[in-house]
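Coordinate analysis (summary)
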Amino acid sequence: MTAVNTIIHLLLAITLPPLLLGVINRTKAVFAGRCGAPLLQPYYDIIRLWRKGSVFSPVTSWIFKAAPVITMATTAVAALLMPLGNHPAPLAFNGDMLLFAYLFALSRFFTVAAALDTGSCFEGLGGPREAAYSCLAEPALFFSFIVLARISSSFSLSGMLNDFPLTVWFGSGAALLLMVGALFIILLAENCRIPFDDPNTHLELTMVHEVMVLDHSGAGFAAIMYAAALKLFLLGSLFVHITVPFRSGNFLLDWLAFVAAMLLLAVVIGMVESTMARLKLTRIPQLLIAASILAAFAMLLVLRQPS
Amino acid sequence: MSSLLKTFVNGAAVPLGEIPDYPLNDFLQGMIDESGRGWRVLSYFSVREQETLLLFAIMGSETKQLIGAMQSRLTGALPSISRYLPQVHLFEREIAENYGVTVEDHPWFKPVRYIRPRSGSADAWGRAADEPILPCVTDFYRVNGEEIHEVAVGPVHAGIIEPGHFRFQCHGEIVFHLEIALGYQHRGIEELVTGGNPAAAMHRMETIAGDTTIGHGQAYCMALEGLGGTAASSRGNSLRAIALELERLANHTGDLGALAGDVGYLPTMSYCGRIRGDFLNMTAVICGSRFGRGIVRPGGTAFDLQPKQIAELQRRLDAAASDLKNAVELLWQSSSVIARCDGPGSVTPEDATELGLVGVAARASGLQRDVRSGFPFGAYQKTPWQPQTDSHGDVYARAMVRWLEAQQSIDFIAAELDRLPAGNCLTPVAQPRPEMLAVALIEGWRGEICHTVITDSTGNLTACKIVDPSFHNWTGLALALRGEQISDFPLCNKSFNLSYCGFDL
């Protein structure tokens, strides 16, 4: 049974992420009164880019070429640590949430380094923005991990999130509510969604993440796009495990419920993007700090509970 | 105190001989003095007359509802008055570039459009005739220091917009200085109009700025009618006003949608994109062209409205008006949109006055500048016009002024369609009288369009000076960015939405 679950885990992690982007885009289109692009458009884009040749600026070094590979690889390893659909992750050990968080940090380091490597003034603006905002987002994520560790008495993502019982919500509802708020903010910020960043904009000066990858092309860019979709999928999965603590016992039903919950999350993100404008760039740190404070309060609440 | 200027109303012509001719220093001092008496510079240009250059200053006063003109002769260098009257700084650079005049003591003496001087003139910067002049290849204002970085944007942009180069001096995310360099689309329209076939001139005027076809076409026609001394038919005037307001509606709607898009608010962006098309299609109902090509002609309009078309326009106007209301109210009801637009790109009323801003940008800073009320023309003479203003001067204010004006335009069109005067839409226009100067002001959707035309002793056009509102307002955008976040530039730029080709001519 574990082998089957591992295969399903890998299949979902490989095939599902771009669909989330498709669902988000379709939701936004419906809200704007448009038909919208096909649901599978992100797949077509990635395949198209994958088959294209790459152009490298002569001023870039190996860092620029390595960045997409490292981004793809680190995100793929992170996918092995995150449990999906109430089944343990293929890789689980004590403290794996630290590896999970810093795999993304490693990928970000190389993305920023590659952006600076191009010497473009646009990318020179995007890199520092991304670095600053991720520093502010990190405490919220770690406070949330402490909350989960305290509740589950486990130091592994699989242990924290699997068998996350509904009853926890009755016992520590207030703490969880604060944490879910923080995690949703982190989910949007880390994945460059509105109100933090606009994945659809063409205005380089306003971009955060998108402007750093402007010079990537072809297969490298396909890898970056795919890794971004996978990151949304993984952080979304973290969010869904806590907000939809549903477990039937039937392993197939659990998988289906997980996929449905993920698609629902994509719809919710699409609705958020459709009904609000972007934040002024100077407001982003404020919201990220607010997320950290929410998560810190959640941590205080669970720490003073007798275990 | 008696005015130094020969005054006349919008659209009228005056004999060149009646325009007071002052010695250069008195002329320049006169511009500064008159600006202190409520006049502002509408146009300031020069015309070659054999070996000397004639300088013309066209000024205007909303309170007096009059246009004033004076002239002078220039033989050597031109002393700059930009330090005292900043609104002329680009006009002085333009005179220098076109006629090879050195402007003394200009605070920032550079070309305007990066073009060669007109025939018979030397080069103000001493460039050889065979030396290539590359657009915007020049020294830019630089802020030095280790922590300063420079960001260059354009002329090739990510969106489908016109070419222009923007050079930012930044400290982190803060813009210390923005310099805008244009000229990529210079076609030499002013020279083509005076030197070429008069019949082709009308078509060229409609292409000065493609989104202001009706505005520029109407300004040119009004100037020609002034030269001939015949007014357009009253039915023609009403139809022109309807077309002008439809142009305003289409562009204001498009701008509101584009602003929504820039802040990432999709519903209004999508709806306004469609509704803009509805207004363009209404223009097509009148003349068959969505952008109003061919509709305005000297003497009135080339197209009349039949009762069936009037009913069709009324029906479409009602539908588009209610759609627009829904789409834009969505925008104002969204607190995140208000939070995003409130604050950035602010221009104080003092700065707006000093720079001579016009149109939406001026009214958003609280200035009562609207040709329809200040210098009423055509159908706007029938009823007093109330300019729509806001006091904040920021992105929000410019968006709000657009929305208020759009509502006003809808009401105006509905009223005009009901009370269209009878008669022909086109009356014959007399030939231009010799040795006259005519000035026509039109409130285009961006702001004040000023066309000045001069005839020679045979009644041929010898000079045509076109001032697009963008010519006044680009400096306003540069100033609005001072001390702002560089990430707010696209939004500020969109809120001004100035024309590149209207500036480049």
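Residues numbered from 1 in each chain as written. Chains lettered and ligands numbered in written order. Predicted model: local features only at pLDDT ≥ 70, side-chain atom pairs only at ≥ 80, totals over all residues.

Bringing the overall build of chain A into the picture now. Across its full length, chain A holds 11 helices and zero strands. When its helices and strands are written in sequence order, chain A yields α-α-α-α-α-α-α-α-α-α-α. For chain A, with 307 residues in total, the buried portion stands at 49%. For chain A, long-range pairs separated by at least 24 residues make up 78% of all intrachain contacts whose partners lie at least 6 apart in sequence. (Helix = DSSP H or I, 4+ residues; strand = E, 2+ residues; numbered from the N terminus. Buried ≥ 20, exposed ≤ 12 C-beta atoms within 10 Å, placed from the backbone. Contact = placed C-beta atoms within 7 Å.)

A few words on the overall build of chain B. When you go through chain B residue by residue, the secondary structure sums to 16 helices and 16 strands. The dimensions of chain B, computed from C-alpha atoms along their principal axes, are 65 × 60 × 50 Å. Evaluated residue by residue, chain B yields a buried proportion of 54% over its 505 residues. Across chain B, every contact between residues at least 6 apart in sequence was considered, and the portion connecting residues at least 24 apart equals 68%.

Residue and element names in this part refer to chain B. Partitioning chain B into structural domains gives domain 1 (1-112) and domain 2 (195-469). At the junction of the two partners, domain 1 supplies 23 residues and domain 2 supplies 28 residues. At the level of elements, strand 2 (13-15), strand 4 (40-49), strand 5 (52-61) and strand 6 (66-74) are the ones that each hand at least two residues to the side of domain 1 that touches domain 2. Taken together, the residues of the side of domain 1 that touches domain 2 sort by class into 14 nonpolar, seven polar and two charged. (Domains from an automatic or database assignment. Nonpolar A, V, L, I, M, F, W, Y, C, P; charged D, E, K, R; others polar.)

This part takes up the interface of chain B and chain A. Taken together, the contacts link 25 residues of chain B with 25 residues of chain A. Of all the secondary-structure elements, those providing two or more residues to the side of chain B that touches chain A are strand 9 (148-153), helix 7 (266-287), helix 9 (335-341) and helix 15 (489-496) of chain B. Among the elements that take part in the side of chain B that touches chain A, strand 9 of chain B stands out by supplying five residues, more than any other. In terms of residue class, the side of chain B that touches chain A is made up of 13 nonpolar, eight polar and four charged.

Here we come to the pairing of strand 11 (residues 174-181) of chain B. All names here are of chain B. Note: strand 10 (residues 165-171) against strand 11, seven bridges, orientation antiparallel. Residue pairing in the sheet places arginine 167 in a bridge with glutamate 179 of strand 11. Where strand 10 folds back on strand 11, the antiparallel hairpin that results is connected by two residues, among which glycine 172 adopts a positive phi of roughly 60°. (Pairing = 2+ DSSP bridges.)

Here we come to the nonpolar core. One finds Met82(A), Ala182(A), Ala295(A), Ala298(A), Ala57(B), Ala438(B) and Leu441(B) to be the most contacted residues of the largest nonpolar core, which totals 247 residues. Structurally, this core is a two-domain feature, drawing no fewer than three residues from each of domain 1 (1-112) and domain 2 (195-469) of chain B. (Core = buried A, V, L, I, M, F, W, Y, C linked by C-beta atoms within 7 Å.)

All names here are of chain A. For helix 5 (residues 96-117), with 22 residues, the first-to-last C-alpha span of 31 Å sits near the 32 Å given by 1.5 Å per residue. Among the residues of helix 5, Asp96, Met97, Phe100, Leu103, Phe104, Ser107, Arg108, Thr111, Val112, Ala114, Ala115 and Asp117 are the ones counted as buried. Buried residues in helix 5 make contact with helix 4 (62-81), helix 6 (121-152), helix 7 (157-161) and helix 9 (218-243). Immediately beyond the C-terminal end of helix 5, within one or two residues, lies glycine 119, with a positive phi of roughly 75°. (Expected span 1.5 Å × (residues − 1).)

All names here are of chain B. The buried fraction of helix 15 is high, at eight of eight residues. If you check which residues of helix 15 are buried, you get Phe489, Pro490, Leu491, Cys492, Asn493, Lys494, Ser495 and Phe496. Residues of helix 15 that are buried in the fold lie against helix 6 (234-262), helix 11 (359-364), helix 13 (395-418) and helix 14 (469-480). Asparagine 497 sits one or two residues past helix 15 and shows a positive phi near 40°.

Time to look at the sheet that holds strand 10 of chain B. All names here are of chain B. The antiparallel open sheet is built from three strands, whose spatial order is 9-10-11. This sheet does not close on itself; its edge strands, each paired only once, are strand 9 and strand 11. Neighbour to neighbour, the strand axes of the sheet diverge by 20° on average, direction disregarded. (Axes fitted to C-alpha atoms, helices over the stretch in contact; angles between N-to-C directions.)

The next point concerns the environment of Leu4(B). Residues and elements named next belong to chain B. Mapped onto the elements, leucine 4 comes out in the segment before strand 1 (6-8). Overall, leucine 4 belongs to the buried group, with 20 C-beta atoms counted inside 10 Å. Taking the C-alpha atoms as reference points, leucine 4 and alanine 362, separated by 358 residues in sequence, lie 26 Å from one another. Sequence-distant contacts of leucine 4, defined by excluding residues within four places in its chain, comprise Pro20, Gly30, Glu34 and Met70.

All names here are of chain B. The antiparallel open sheet is built from four strands, whose spatial order is 2-14-15-16. A single partner strand is all that each edge strand has here, and the edge strands are strand 2 and strand 16 (461-467). Averaged over all adjacent pairs, the angle separating strand axes in this sheet is 15°, with direction ignored. Here six bridges tie strand 15 (residues 448-455) to strand 16, and the two strands are oriented antiparallel to one another. Across the sheet, residue valine 453 finds its bridge partner in strand 16, namely cysteine 464. Of the strands in this sheet, strand 2, strand 14 (436-443) and strand 15 touch helix 5 (residues 213-228), which is tilted by about 150° from strand 14.

To continue, consider unusual backbone geometry. Residue Pro195(A) is bonded to the preceding Ile194(A) through a cis peptide linkage, with omega at 10°. One can find Pro195(A) in the loop between helix 8 (167-190) and helix 9. You will see that Ser153(A), though not glycine, has its phi angle at about 55°, which is positive. Position of Ser153(A) relative to the elements: it lies in the loop between helix 6 and helix 7. Phi at Leu505(B) is positive, roughly 55°, even though this residue is not glycine. Residue placement: Leu505(B) occurs in the segment after helix 16 (501-504). Under the C-beta neighbour-count criterion, Leu505(B) is labelled buried, with 24 such atoms within 10 Å.

Packed helix pairs are characterised by how far apart their axes lie and by the angle those axes make with each other. All names here are of chain A. One can describe the packing of helix 6 onto helix 8 by two numbers: an axis separation of 10 Å at closest approach and a directional angle of 155°. Comparing their axes, helix 8 and helix 6 come out roughly antiparallel. Seen along the crossing, helix 6 lies across helix 8 with a hand that is left-handed. Of helix 8, the residues touching helix 6 (which contributes Tyr133, Ala137, Ala140, Leu141, Ser144, Val147 and Ile151) are Val168, Ser172, Ala175, Met179, Ala182, Leu183, Ile186, Ala189 and Glu190. Residues belonging to the contact of helix 6 with helix 8 are distributed by class as follows: 13 nonpolar, two polar and one charged. (Parallel < 35°, antiparallel > 145°, perpendicular 65-115°, else oblique. Left-handed = near helix turned anticlockwise from the far one by under 90°.)

The next point concerns the environment of Pro306(A). For Pro306(A), the position within the fold is in the segment after helix 11 (284-303). In the structure, Pro306(A) is positioned 134 residues away from Ser172(A) in sequence and 11 Å away in space, judged by C-alpha atoms.

Moving on, we come to the environment of Ser248(A). Residues and elements named next belong to chain A. Tracing the sequence through the fold places serine 248 in the loop between helix 9 and helix 10 (251-275). The exposed category is assigned to serine 248, around which 11 C-beta atoms lie within 10 Å. Separated by 162 residues in sequence, serine 248 and asparagine 86 have C-alpha atoms that sit 9.8 Å apart. With sequence-adjacent residues up to four places away left out, serine 248 is seen in contact with Leu253 and Asp254.

The next subject is the packing of helix 5 of chain B against helix 6 of chain B. All names here are of chain B. Where helix 5 contacts helix 6, the axes come no closer than 8 Å and their chain directions differ by 145°. Every residue of helix 6 that contacts helix 5 at Ile214, Gly215 and Gln218 is listed here: Arg240, Ala243, Leu244 and Glu247. Here the contact of helix 5 with helix 6 is composed, by residue class, of three nonpolar, two polar and two charged.

On average, residues of chain B score 90 in pLDDT, and 99% of them reach the 70 mark or higher. Model confidence for the complex is summarised by a pTM of 0.90, with the ipTM given as 0.86. (pLDDT = per-residue confidence, 0-100.)

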